[in-house]
Amino acid sequence: GGRSRLETMFSNTAGVIEQANQDRFARSLFRATRGNTFTHFQQIFEPMVDPKTGREVSKAVFVIYFQDNRMGGQTSAMSEKIQKICASYGVNTYRWPAHREAAQEVLTSLQVQVEDQQRLLRAHESFVLSEASALLAPLRLGGNSLIEDWRLFCKKEKSIYATLNLFEGDMNLRANCWYPEAQEQQIQGLLSSTMSQTGQNSAVLISHRTPPRKSPPTYIRTNEFTAVFQELVDTYGLPNYGEANPALFTIVTFPFLFGVMYGDVGHGSMLLSVGLFAVWKAEDIKHTIPDLYYARYIVTMMGLFAIYVGFLYNDFFSLGFSFFTSRWVEVEGGHPGPGGIISYEPAPWFDTKNEGGVGPYPFGVDPAWHGAQNELIYMNSLKMKISVILGVSQMIVGLLLRFANAIHNNSPVDLVFECVPMMLFMVCFFGFMDYMILYKWVTPMPNPPSIINSLIAMAMWGEDLNPMLGAELPRILMAVSMLAVPFMLIPKPLIKLWQHNKEVAARSSRGHGGMGGGSGRHAPVIDEEACPLGLEEDEGEQFEFGELVIHQVIETIEYVLGTVSHTASYLRLWALSLAHQQLSTVFFGMTLLSGMTAPFPLNVLSLYFCFMIWFGITLAILLGMDVLECFLHVLRLHWVEFQSKFYKAQGHAFEPYCHRTLLVKEE
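Because the structure is predicted, anything quoted here is derived from the model rather than measured.

With that settled, consider the overall build of the protein. Scanning the protein from terminus to terminus reveals 23 helices and 8 strands. For the protein, whose C-alpha radius of gyration is 44 Å, the value lies well above the compact-globule estimate of 26 Å for 667 residues. Considered along the principal axes of its C-alpha atoms, the protein spans approximately 145 × 110 × 60 Å. Split into buried and exposed, the 667 residues of the protein put 32% on the buried side.

Next up, the structure:
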């Protein structure tokens, strides 16, 4: 009885507080109660999530014992102070058992409750895992899971409803659409078969043959081989509807010009091996190396043309082939000069004057030039002239495609006053330059003239002291080139102004006639998609003669100056080819050749290590950096020098509704 009375004289307050505030909390209690409380702290080792802030904090359990003689529902002053301190620190207080038996009952109840909650949690986790495994398991070998099928189904249903929202009407829906003309019969047959199967009149395709108001989208069929070349063109811009597609020529010219820059039989064979491996293992690398899978055919083509041009250059890892008899022999009775230099002269049976005898080396560069003292000078001249010839030829092809665009668009003004003077300017100056290069190659001359001096005299209207084809022909061609510039600049804006005034006069006369006719009949309603292209242009754009003149001036100046700069830009074919050849020569001489010249038996080991070094440098620089560099330069030649001659690239793609395309884009 005495112990129970003693226990009723004491009271307690229990709660949880952050460990960081534990010491300050204890000092506050001690000062406020003048040491008349006893506080016990017990650390909680596991971090707890604070429900107010949501962050993890370390907390501790505390129990405060203090003397409280008041009975019943009354509270003492000591209890009020403790409650205020607890509230100021924001602690959570809980009911504390009055004796050991009550504490044991609470502990047992909590243990049972925790066990029930854990058992319920395990059952819930087991259910969730079983359901998740059923949703994530493939429905068939190599197929999608159930949840992926649900996701794709929702994606397709959403896209279908989004497309249906574009239709007009209540009971019968109507929409204007584009479709490939070549597939019209196939679409009609598919709709007919669908109606016969369902027994309902579900859909009808009615074609409008009237000229559309909006420009039709561009639809280009591609396959695995042509897709990568078309992608190179589309990256610059999509062709307009009916415009000449550069991809048809890019399929051949892109890898060929790459081969001109990268021409080497050995390096081309290594690049070809990569391409053939990608073609052979296409299905294996389709998802692991998708970029190589997509570019496998263009890599193969670049390797093939690099090998072909390498045979033309007669270059195999900086070494030459001797497939045929050289046209150069050592000088009879000659002695090696300083440094052991041996002089060569044309073979006696070599017809150097082109008089019907044995001609030059049948294919490629004569192997006698490899290792010659003047090899670099000769190869420089050869590759530079080849680059100019190829560049002017490709630009002329671009102008021919400009002719095709003008004819297709039924634009005689562009044909006569743009295409013709552009072609005359190109052929009369730069075409004449290529002709002089070829003529000088095949025509023996005792005193061959300098082509550069001839072109300078031609452009400056000066006197050529050593003309190749006479003095009058260059003057005539230069006069035609100069006359082509104003012919390109002046007539087109004037003709456009005359056509505009004529259309305005005709429109005004039709308007006055319609107002005074008084026939009382209504004009037929025309579908907005079937309005002519010119109507939209007249309504949306005002004719500005000044802007047209400025545009024509800029285009003329850009073409004249651009033709000069673009011709010079094709010299990058020569520069990169020369750099590739010299790098290959330096790497071979500094590695393999050094190992070969070492004394025996040191040359065996040195050749082994030198080969490793040479192969690593070849892979890193000539098959890594140089391939990428040549690729980018060829891409620039096609985008700027070639396509600028005819390609507007202002079209928009034909994107038919397709579930496969929709899901692939999402991935």
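So that's the structure; there's more coming.
In this model, helix α20 (residues 572–590) (19 residues) spans 26 Å end to end at C-alpha, consistent with the 27 Å of a helix rising 1.5 Å per residue. What α20 keeps buried is the set Arg572, Leu573, Leu576, Ser577, Leu578, His580, Gln581, Ser584, Phe587 and Phe588.

In this section: the confidence of the model for the protein. In the predicted model, the protein carries a mean pLDDT of 85, and 91% of its residues have values of at least 70. Between residues 514–540, whose pLDDT stays under 50, and residues either more than four places distant or in other chains, the model counts 28 contacts.

It is worth spelling out the packing of aromatic side chains at this point. Evaluated as defined, the whole model comprises 31 aromatic pairs. Geometrically, the ring pair formed by Tyr435 and Tyr439 is stacked, given 6.1 Å between the ring centres and 25° between the ring planes. Placement of the pair is Tyr435 and Tyr439 together in helix α14 (residues 412–442), with a separation of 4 residues, close to one helical turn. Overall, the relative accessible area of 26% leaves Tyr439 in the partly exposed class. Aromatic rings pair up to connect Phe311, Phe316, Phe317, Phe321, Phe323, Phe611, Trp614 and Phe615 into one cluster. Seen from the ring of Trp280, Lys281 lies directly overhead, with NZ or CZ sitting 4.3 Å from the centre. The ring of Tyr313 is capped by Lys383, whose NZ or CZ atom sits 4.3 Å from the centre of that ring.

Our next topic: unusual backbone geometry. Non-glycine residue Trp461 carries a positive phi angle of around 60°. Relative accessible area serves as the criterion here: at 42%, Trp461 is assigned to the partly exposed category.

The subject of this paragraph is the sheet that holds strand β5 (residues 59–67). Strand pairing in a sheet takes place through backbone hydrogen bonds and is either antiparallel or parallel in direction. Reading across from one edge, β2-β5-β1-β6 is the order of the 4 strands in this open sheet, with antiparallel pairing throughout. The sheet is open, and its two borders are formed by β2 (37–43) and β6 (92–94), each paired with just one other strand. Averaged over all neighbouring strand pairs, the angle between strand axes comes to 25°, with direction disregarded. Relative to β6, strand β1 (residues 10–18) runs antiparallel, the two being bridged by 3 bridges. Paired with Gly15 across the two strands is Thr93, which belongs to β6. Across the sheet, helix α2 (residues 22–33) touches β1, β2 and β5, and the angle it forms with β2 is around 170°. Taken strand by strand, helix α3 (residues 77–89) contacts β1, β2, β5 and β6, and its axis lies near 165° from that of β5.

As defined by bridge partners, β1 adjoins β5 across 9 bridges and the pair is classed as antiparallel. From the neighbouring strand, Ser11 faces β5, where its bridge partner is Phe66. In this sheet, β5 lies alongside β2 in antiparallel orientation, the contact comprising 7 bridges. Bridged to Gln42 within β5 is Val61.

A few words on the pattern of salt bridges. Pairs may arise between side chains of opposite charge once their charged atoms sit close together. Counting across every chain of the model gives 8 salt bridges. With its nearest N and O atoms 2.7 Å apart, the salt bridge here joins Arg151 to Glu148. Separated by 3 residues within a single helix, Arg151 and Glu148 lie in helix α5 (residues 146–164), roughly one turn from each other. Overall, Arg151 belongs to the partly exposed group, its relative accessible area being 35%. Here the salt bridges do not stand alone but share partners, grouping Arg402, Asp414, Glu418, Lys492 and Glu555 into one network.

Inspection of the secondary structure assignment puts Ser145 in the loop between α4 (100–136) and α5. What Ser145 contacts, discounting residues up to four positions off in sequence, is Leu135, Leu136, Ala137, Pro138 and Leu139.

Here the structure, examined in full by the defined rule, presents 0 disulfides. Looking at Cys154, it has no disulfide partner, and the nearest cysteine sulfur is the one in Cys658, 19 Å off.

With that settled, consider the packing of helix α13 (residues 375–408) against α14. Following both chains from N to C, one finds α13 and α14 inclined at 160°, their axes separated by 10 Å at the closest point. In terms of orientation, α13 and α14 fall into the roughly antiparallel class. For the pair α13 and α14, the sense of crossing is left-handed. Across the contact of α13 with α14, the residue classes tally to 24 nonpolar, 2 polar and 5 charged.

Right, let's get into the side chain of Glu243. In this structure, Glu243 sits in the loop between α7 (227–236) and α8 (247–262). For the buried residue Glu243, which engages in no salt bridge, the nearest side chain bearing the opposite charge is Lys648, 7.1 Å off. Among the polar contacts made by the side chain of Glu243, one reaches the main-chain amide nitrogen of Asn240 at a distance of 2.8 Å. Only 2.7 Å separates the side chain of Glu243 from the backbone nitrogen of Lys648, close enough to count as a polar contact. Every residue in contact with Glu243, bar those within four places of it in the chain, is listed here: Asn405, Phe646, Tyr647, Lys648 and Ala649.

Scoring rules and cut-offs
- Residues numbered from 1 in each chain as written.
- Predicted model: local features only at pLDDT ≥ 70, side-chain atom pairs only at ≥ 80, totals over all residues.
- Heavy atoms only, no water.
- Helix = DSSP H or I, 4+ residues; strand = E, 2+ residues; numbered from the N terminus.
- Rg over C-alpha atoms; globule rule 2.2 N^0.38 Å.
- Buried < 20%, exposed > 50% of the residue type's maximum accessible area, 1.4 Å probe, protein only.
- Expected span 1.5 Å × (residues − 1).
- pLDDT = per-residue confidence, 0-100.
- Contact = heavy atoms within 4.5 Å.
- Phe/Tyr/Trp six-rings, centres within 6.5 Å; stacked < 30°, edge-to-face > 60°.
- Lys NZ or Arg CZ within 6 Å of the ring centre and 35° of its normal.
- Pairing = 2+ DSSP bridges.
- Axes fitted to C-alpha atoms, helices over the stretch in contact; angles between N-to-C directions.
- Salt bridge = Lys/Arg side-chain N within 4 Å of Asp/Glu carboxyl O.
- Disulfide = S-S within 2.5 Å.
- Parallel < 35°, antiparallel > 145°, perpendicular 65-115°, else oblique.
- Left-handed = near helix turned anticlockwise from the far one by under 90°.
- Nonpolar A, V, L, I, M, F, W, Y, C, P; charged D, E, K, R; others polar.
- Lys, Arg positive; Asp, Glu negative; His and termini not counted.
- Polar contact = N/O pair within 3.5 Å; in protein donor to acceptor, adjacent residues only side chain to side chain.

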